[in-house]
Structures are given as structure tokens and as C-alpha cells.
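Listed here are the chains, written in short residue letters.
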Amino acid sequence: MTLSINNIGKRIKRDWIIRNISIEVNNGEIAAILGPSGCGKSTTLRLIAGLDKPDEGNIYIDGVDITNTPPMKRRVGMVFQSYALFPHLTVHQNLSLGLSVRGASAEEIKIRTSGILSLMKLEEQQNSLPSMLSGGQRQRVALARALLRDPLLFLLDEPMSNLDAQLREDLRPELRSLILKQNKPVLYVTHDQHEAMALATKIVILNNGQVEQIGTPKEIYQNPSSYFVSKFIGSPKINSFSSKESIITAIRPEEIRFDPNGIPSELIAKEWYGMNQVLLLSTKLGNLRMMCTSDVCIPQRINISWDKDKEFNFDRKTGKRINI
Amino acid sequence: MKNSTRKIFISIILFWSLSPLIWQIYTSFSTPASLTEPIGTTLNRWTLDNYIQVLSANPSIFRYITNSTLLGVYTTLTTLLLAVPASYALIKLRKELRSLTRSILLLTALFPYVLLFLALLELAKSYNLANNLFLLSLPYSALSMPLAILILSSSLNDIPIELEEAAKMEGLNLLQRLRVVLLPLMKPALSSTSILVFIFSWNEYPIALTWLSKTEQLTLPVAIARLAGSSVYSVPYGAYAAATVIGAIPLLMVTLVFQKQIVNGLTQGALKG
């Protein structure tokens, strides 16, 4: 199964919210759509779900054009950011509703719901209303409902954003293995780069309704195609300074090292992260962040340098990567 | 407000709204002669004659209660049947169009409907709509429609859009979405709308007066009014009061039973910005 989106665009009156977006996702791939809020990532997802109609472009599943197929007939398993569980129905009813509407027999409904309830460890909650569940349980019900849809592809709209940070980290591997096991194309919208890095096999960076870069998490990190991408990915944030008139140079904090012959700098602040620490240094290029292990001995006089070939150079006007 | 002043305030309001009712009950148990005398001067002032008169009349008051109930049920069902799809359509309109429509609806809801009664009389005359309770429920539903749509659409508006979208993704068509997802979530608004429409139809007088003439088809208000006008020389205050007391009981019971839903439905969405 392949989901391919071809040059879709959506506008409100004259303003394009997204435009020229083309993405291809194959079976067993998790593509994370990553971008700041308002970049159009949810809009993209809604177009694929069929909840909104694109103003240009087409959407195909396995070569079949589904651009004008109503959402009821699209066979898309969607997990909403708010989970959108039906508040007046029990967990069991939430799961069986779609099956019965789509014409499953009572026998089939019984087998499939009990199977998914045990897979999701929700057997004890099956007669509870959604309001009685914890955030993690709600997420599992929403996911279970999407799985029972027998979808051709999965769409997940920030499914973790309603959970606290600890739970999010716990659930990530579980979610990843569960959706990878389905062996279907998965689109995962998030604004959290860690989540995208941890879950996705492919990251689509959106900015202002345009695709900035598509690549594996490693490619995106090591080879950002634009200034925006380099800034958006990586924590602590990448350092940047203007080296020449029309060029912005950027260097990752972990590439900076102490070097007696390097640029003289002064320590302004220090953040300790357990294994690592981040030093904020004032230099003639401006303030730079440097990341090193926490056992490293900080010299009295700090001089720093980095390998020239680890630098990224960007055109100041277009923000695009250039090679010098 | 301090607790004591609050109590006094509530007492005044209670007295203001309950005293006519108490007076009516008092009158219904009094003999006609005692009504013109000061309280406590007549010895045999208490009587059940008024109730006996009302209940033993032909047709009895139960006939009119049945008519009013039937009319109320017809009106409520017709109103809901039309107002639910209308409200759904209303919230799907573009924003500007939606607020324009809502304002027009509000204006029509405030329109004094009595002004329509001559036109409605003409309609009844030329299309033979008189003396049929179901047909009478049509103008009633039309008159209830603005308020019903306003209440129902604001409750629909409070349902998160994702719920309907999730139902779409599950493959539910429009009717299924309404039946399984939207209507159950609109229950408070549906019950308060029903009660308000039912009360309107129960109390309505001028249109019922002109559309109904056969004695066995009369609704409660019209029948009671006829009672009052049955003699040229005297007004049977006692019987009149007894009839209104009996006529108020079904409505009172319905309101007591659904009290919670009415308040919930009317205040739904009131707390959200």
C-alpha cells in the first residue's frame, strides 16, 4: 500500500494555507509531519482524511485517486488530538459502533472487540465511559478504534500531546511497535521534534504551508537543507552567526570543542543535563552554545574551535543551504 | 447579598408568583356566595361543588385535557422533526450567513404572534383547516420553530466538531451520525425545547379559539373560556377556578419531572465564552 500526495494545496479565500505538498508513504513507514504551530500540518492531515477538500492537487492510495472520496468511504484510521471518543458511549460501544455500522455480524464484532480490548489491555475498562479513563487509556481506546477500522493507512494527529511528559516517553516505544506491526502507511503529525525523531522513519518538515525538507531523521539532522530546518531540529538549538555578507553559518553545539588556539570566549552560563552539560559562551561571533560531557574539565581560559566541514552555510536571503 | 436579605427577597418573589395560584385554589373550593363575603364571615364557605360541576359536565374536562395533550404532542414532535435538521444546517453555514440567520430567527421569535391570527383565520377558512388538532399543530410548530432552532443549534454548536468527524471516519452517514452521536449529546436541549413548545401549545388561546369550534375538539384554554362565558348574568368563578386548577396539574407534573433537563438545556453553553 502506498499513500501518495501530489502537489496538494488548500486556501482560505486568497491565502494558501498549504501549497505544493507532495509526500509518499509506503507500507511500514511512519512519516512524521513536523513543524511549528500554524504551519499547516493539521490541514494536510485533514485533507488526507477527507474532512476538508483540497483546492488543488490529488491524493492517491495505491494509484487510486481518492481526492473526491467522502471520508466515510476512505478507510482511514484516524486518531484525533482530542481522541474524540464518543462521551455517551462505553469503551466497548465506542469500539463496536463503527463495526456494526459497516455491517459486521454480532459474532464478528464480539471476536474483534474482545481481541483488541485484550491487545490494548482495556478489558477491565470496557464498560466505562471515556470520562472515567486516564489519558493513556483514552489514547489506547482511540487507537483501538482506528485499528478496528481495517484502514488502508493511519493518520495520527498529535496523539501524545494530551499526555504528560513521563507517560509520553513510556508510551512511545509501545505505540511505535504497535503501528509498525500493522505494516500500513502511517502519517504522524507532531510539533515535537523528539517525538518525530523517536517514532518516524521519515520526517517531513513543514514551514508556512510549504515542505522544507523530507528525509530520514538522520538526514534531516545531519544534512539540513535550509536554515529553518537546522534551527528547528536539534536540542540544544544550533548556533548561527554571519560569517560573510550574505551568508549565515551554523554549527551544532556538540561539534564545538576546547582548543587553546581557537576563538577566545567567556563563560556566561552553564546548564547541567546529567550526562551532558551546555555552556553558553560569549565570543566575537556572538553567544554560542557548546555541549560537552559533564565530566569534562572546563579550562580557566576558554578558547574554542570546530571542524570547518561540520559547518552549514545558508544563503541569508533564501535561507537555502549553499556549499562554499 | 446577605443571607437574611436574600431570604426576604426570595420570599417576596415567591409571594408575587404564587399568590394568584393560591387565590385560584382557594376560589375553586369556595361557594359562589362566600366569594363576595370577607374571609371568615360565612359559615359554609368550603365546597367541592365546583369540581363536581367541572368533572361531570358533558364532555368532561378530561376530554379537553386529552385534546390539549394530543395537540401538545403533535406540536412538539413536528417542531423537533423540523428544527433538528434546520439547526444542523444552520451550524454548517458560513459564519456571516449563520449569524445573519440567527439574528433573523431571534427577530421572528420576538414577533408578537397574535398579530398573525387574522391571517391564520383566513387560512383556516379557505383551506378547511378548522377542527382538526393535527392541522392546528402546524401553525403552533411554525411559531415555536425560531426558539427551537435557536436552542438546538446552540447546543449542537457546543458539541466538539471532532466527534462528528470521528463518526465520519468510522463510516457513519449523516442519519447515523445524528441518531447515534449528535442527538444523544443534545438530550438536555431536546428536552428543554420539548417542554417549552409543549407549554406554549398547552397555553395557546387565540389561534385555538378561531380554529376550533366543535365542542369535542376544544383545547383546555378555549373550553375554560367557554365555561366562563356560558351564562349572561353571572361568571361561574368557582367552576372556572376548579377547571384551571385541574388543567394546570398535568403541566406542573411534566415540569417537575423534567425540571433538571430544562435548566440544563437552557444554560448549556452559557458558561463558555
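Rules behind the numbers
Residues numbered from 1 in each chain as written. Chains lettered and ligands numbered in written order. Predicted model: local features only at pLDDT ≥ 70, side-chain atom pairs only at ≥ 80, totals over all residues. Heavy atoms only, no water. Pairing = 2+ DSSP bridges. Helix = DSSP H or I, 4+ residues; strand = E, 2+ residues; numbered from the N terminus. Axes fitted to C-alpha atoms, helices over the stretch in contact; angles between N-to-C directions. Expected span 1.5 Å × (residues − 1). Buried < 20%, exposed > 50% of the residue type's maximum accessible area, 1.4 Å probe, protein only. Contact = heavy atoms within 4.5 Å. Buried area = accessible area lost by both parts, 1.4 Å probe. Salt bridge = Lys/Arg side-chain N within 4 Å of Asp/Glu carboxyl O. Polar contact = N/O pair within 3.5 Å; in protein donor to acceptor, adjacent residues only side chain to side chain. Patch = residues over 30% accessible without salt bridge, like charges linked within 9 Å, V, L, I, M, F, W, Y side chains within 5 Å. Areas by Shrake-Rupley, 256 points an atom, 1.4 Å probe, with all protein chains shown as cover. pLDDT = per-residue confidence, 0-100. Phe/Tyr/Trp six-rings, centres within 6.5 Å; stacked < 30°, edge-to-face > 60°.

What follows concerns the sheet that holds strand β7 (residues 153-157) of chain A. Residues and elements named next belong to chain A. Taken in spatial order, the 6 strands make up an open sheet running β6-β7-β8-β3-β9-β10, and their pairing is mixed. Both outer strands of the open sheet, β6 (76-79) and β10 (210-215), are each paired with one neighbouring strand and no more. Taking the axes of each pair of neighbouring strands and ignoring which way they run, one obtains an average angle of 15° across the sheet. Direction of pairing for strand β9 (residues 202-207) relative to β10: antiparallel, over a ladder of 5 bridges. If you follow L206 over to β10, its bridge partner there is V211.

Turning our eyes to something else, we now look at helix α10 (residues 187-203) of chain B. The first and last C-alpha atoms of α10(B) sit 24 Å apart over 17 residues, in line with the 24 Å expected at 1.5 Å per residue. Those residues of α10(B) not exposed but buried are A189(B), L190(B), S191(B), S192(B), T193(B), S194(B), I195(B), V197(B), F198(B), S201(B) and W202(B).

Further remarks concern the pairing of strand β15 (residues 286-293) of chain A. All names here are of chain A. In this structure, strand β14 (residues 276-283) lies alongside β15, joined through 8 bridges in antiparallel fashion. From the neighbouring strand, T283 faces β15, where its bridge partner is G286. With antiparallel pairing between neighbouring strands as the criterion, β14 and β15 make up a hairpin whose turn holds 2 residues.

The next point concerns the interface of chain B and chain A. With 16 residues of chain B in contact, the opposing surface of chain A contributes 20 residues. Carbon and sulfur atoms make up 69% of the area that chain B and chain A hide from each other, which totals about 1700 Å². At the boundary of chain B and chain A, one finds 2 salt bridges. A salt bridge links E170(B) to R102(A), with the shortest nitrogen-to-oxygen separation between them at 3.9 Å. At the junction of chain B with chain A, the criterion picks out 4 residue pairs in polar contact (both at pLDDT 80 or more).

Turning our attention to a nonpolar patch on the surface. Residues and elements named next belong to chain B. Residues I10, L14, L18, L21, I22, I25, F29, W46, L48 and I52 make up a contiguous nonpolar surface patch of roughly 960 Å² in combined accessible area. In terms of residue count, the dominant contributor to the nonpolar patch is helix α1 (residues 3-28) (6 residues). By the secondary structure assignment, I25 is in helix α1.

Right, let's talk about the confidence of the model for chain B for a bit. Looking at chain B as a whole, the pLDDT averages 89, with 94% of positions reaching at least 70. Among the scores for the predicted complex, ipTM is 0.87 and pTM is 0.84.

By convention here, two paired aromatic rings are described through the distance between centres and the angle between planes. Scanning the model with the defined rule gives 11 aromatic pairs over all chains in all. When the ring of F241(A) is compared with that of W306(A), the centres are 5.8 Å apart and the planes differ by 50°; the resulting orientation is tilted. Of the two residues, F241(A) is situated in strand β11 (residues 239-244) and W306(A) in the loop between β16 (302-305) and β17 (312-315); the sequence distance between them amounts to 65 residues. Note on F241(A): relative accessible area 8%, which makes it buried. Aromatic pair W23(B) and Y26(B): ring centres 5.0 Å apart, planes at 40°, arrangement tilted.

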